[in-house]
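# Descriptive structure summary
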Amino acid sequence: MNIKAIIYTSNTGFTRKYAQLLALKTGLEAFELGKVPGKIAKGSPVIYMGWLKAGRLMGIDKAAKEYSLAAVCAVGMGAQGSAQAAGVQRTYRLQVPVFYLQGGFDMDKLTGMNRFMMRCMVKLQLPRLEKKKNRTAEEEEMLMLLKKGGDKVNEKNLGSILKWYEQEKQQTK
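Description of the structure in this document. Starting from 1, residues in each chain are numbered consecutively following that chain's sequence as written. In keeping with the predicted nature of the model, local features appear solely for residues at pLDDT of at least 70, side-chain atom pairs appear and are counted solely at 80 or more, and the whole-chain, interface and lining totals rest on all residues. Working from all heavy atoms in the structure, the side-chain values ignore hydrogens and water.

### Some points on the overall build of the chain
Each helix and strand in the chain was counted, giving 6 helices and 8 strands. The N-to-C order of helical and strand elements in the chain reads β-α-β-β-β-α-β-α-β-β-α-α-β-α. Taken over C-alpha atoms, the radius of gyration comes to 17 Å for the chain, in line with the 16 Å a tight globule of 173 residues would show. Principal-axis analysis of the C-alpha atoms places the extent of the chain at approximately 55 × 30 × 30 Å. To qualify as a helix, a DSSP run of H or I must reach at least 4 residues; to qualify as a strand, a run of E must reach at least 2; elements of each kind are numbered from the N terminus. With the radius of gyration taken over C-alpha atoms, the globule rule is written as 2.2 Å times the number of residues to the power 0.38.

This is the structure in structure tokens:
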């Protein structure tokens, strides 16, 4: 499959940063969904990257209608390597590789209903995590994100998708 571009949907900028990093590493161009130039034809194979909101991958339905999804990356707050990729694959019945990338949390960049929902989630989760004894490393990390926010975007988190992409390139030669 000759992948033409990286298409993404971002809310607070973490998915955009991953799309830009992946573009640098692959030589593909990255475009925000809805702002893709005509040179990327409808139906073209793309890598889609979207942010998770309450387990839903934002923008995937529109992306799947407009392009052929070669792979999908879900960006969320949870630790890298979490089981969220499998959940996204099941929920959307995807027959392509799905990767999970830890993004971050920045309450100041949220607006409207997203801000309200995250404030509620923080109010519920923060006391539960603070009270818990023997927290896992993932729980400690989530506690810090909820308290202070943070950016977990990291080039090394792209390792799995970069490996997959290189294999795809070799198969299309």
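What follows continues from the structure just given.
### Comments concerning the pattern of salt bridges
For salt bridges, the criterion is a side-chain nitrogen of Lys or Arg within 4 Å of an Asp or Glu carboxyl oxygen. Under the counting rule described, the total for this entry stands at 10 salt bridges. Across the salt bridge formed by D151 and K17, the nearest N and O atoms sit 2.2 Å from each other. Placement of the pair is D151 in strand β8 (residues 150-151) and K17 in helix α1 (residues 14-26), with a sequence separation of 134 residues. When its relative accessible area of 38% is taken as the criterion, D151 is described as partly exposed. The rule is simple: take the accessible area with a 1.4 Å probe, protein chains only, and divide by the maximum for that residue type; under 20% is buried, over 50% is exposed, in between is partly exposed. Exposure remark for K17: the relative accessible area of 36% places this residue in the partly exposed category.

### Thoughts on the pairing of strand β1 (residues 5-8)
Strand residues, when the strand is regular, have side chains that alternate between the two faces of the sheet. Along β1, one buried face is formed by A5 and I7 and the opposite face, lined by I6 and Y8, is buried too. The pairing criterion for strands is at least two bridges between them, as found by DSSP. Where β1 and strand β3 (residues 45-53) come together, 4 bridges link them in parallel fashion. Bridge pairing links A5 to V46 in β3. Pairing of β1 with strand β2 (residues 30-32) involves 3 bridges; the strand directions are parallel. Its bridge partner lying in β2, I7 is registered against F31.

### Remarks on a nonpolar patch on the surface
In this scheme, patches are assembled from residues that exceed 30% relative accessible area and form no salt bridge. Like charges are connected within 9 Å, while nonpolar side chains (Val, Leu, Ile, Met, Phe, Trp, Tyr) are connected within 5 Å. In short, Shrake-Rupley with a 1.4 Å probe defines the accessible areas, and a residue's cover is counted only from the protein chains shown. On the surface, a nonpolar cluster with roughly 320 Å² of combined accessible area is contributed by M113, F116 and M117. Locating M117 in the fold gives a position in helix α4 (residues 112-131).

### Thoughts on helix α5 (residues 137-148)
Multiplying 1.5 Å by the helix residue count minus one yields the expected span of that helix. Here α5 is 12 residues long and its end C-alpha atoms lie 16 Å apart, about the 16 Å a rise of 1.5 Å per residue gives. Those residues of α5 not exposed but buried are E139, L143, L145 and L146. Buried residues of α5, viewed axially, fall in a sector of 165 degrees; they line one side. For α5, the exposed residues lying more than 90 degrees away from the buried face are A137 and K148. Just downstream of α5, G149 is the residue with a positive phi angle, here 75 degrees. Of all possible arcs, the one meant is that of the directions from the helix axis to the C-beta atoms.

### Some words on the environment of G104
Among the structural elements, G104 can be located in strand β7 (residues 104-105). Here, two residues are considered to be in contact whenever any of their heavy atoms come within 4.5 Å of each other. Once residues within four sequence positions are removed from consideration, G104 is found in contact with F14, G76, M77, L145, G150, D151 and K152.

### Quick word on the side chain of T12
Structurally, the position occupied by T12 is in the loop between β1 and α1. Setting aside residues no more than four positions away along its own chain, T12 makes contact with D106, K109 and L110.

### A word on the packing of aromatic side chains
Aromatic pairing here means that ring centres of Phe, Tyr or Trp (its six-membered ring) are within 6.5 Å. Orientation follows from the plane angle: under 30 degrees is stacked, over 60 is edge-to-face, and everything else is tilted. One pass over the structure, following the stated rule, counts 1 aromatic pair. An angle of 55 degrees between the planes, with centres 6.2 Å apart, marks the rings of F99 and W164 as tilted. Placement of the pair is F99 in strand β6 (residues 98-102) and W164 in helix α6 (residues 159-172), with a sequence separation of 65 residues. For the residue pair F99 and W164, the accessibility class agrees, reading buried in each case.

### Let's talk about the pairing of β3
Among the 9 residues in β3, 8 count as buried, and that is most of the element. By the bridge criterion, 7 bridges tie β3 to strand β5 (residues 68-76) in an arrangement that is parallel. Across the sheet, residue V46 finds its bridge partner in β5, namely L69. With 2 bridges joining them, β3 and strand β4 (residues 56-57) adopt antiparallel strand pairing. If you follow L52 over to β4, its bridge partner there is L57. Connecting the antiparallel pair β3 and β4 is a turn made up of 2 residues, with A54 showing a positive phi of about 50 degrees.

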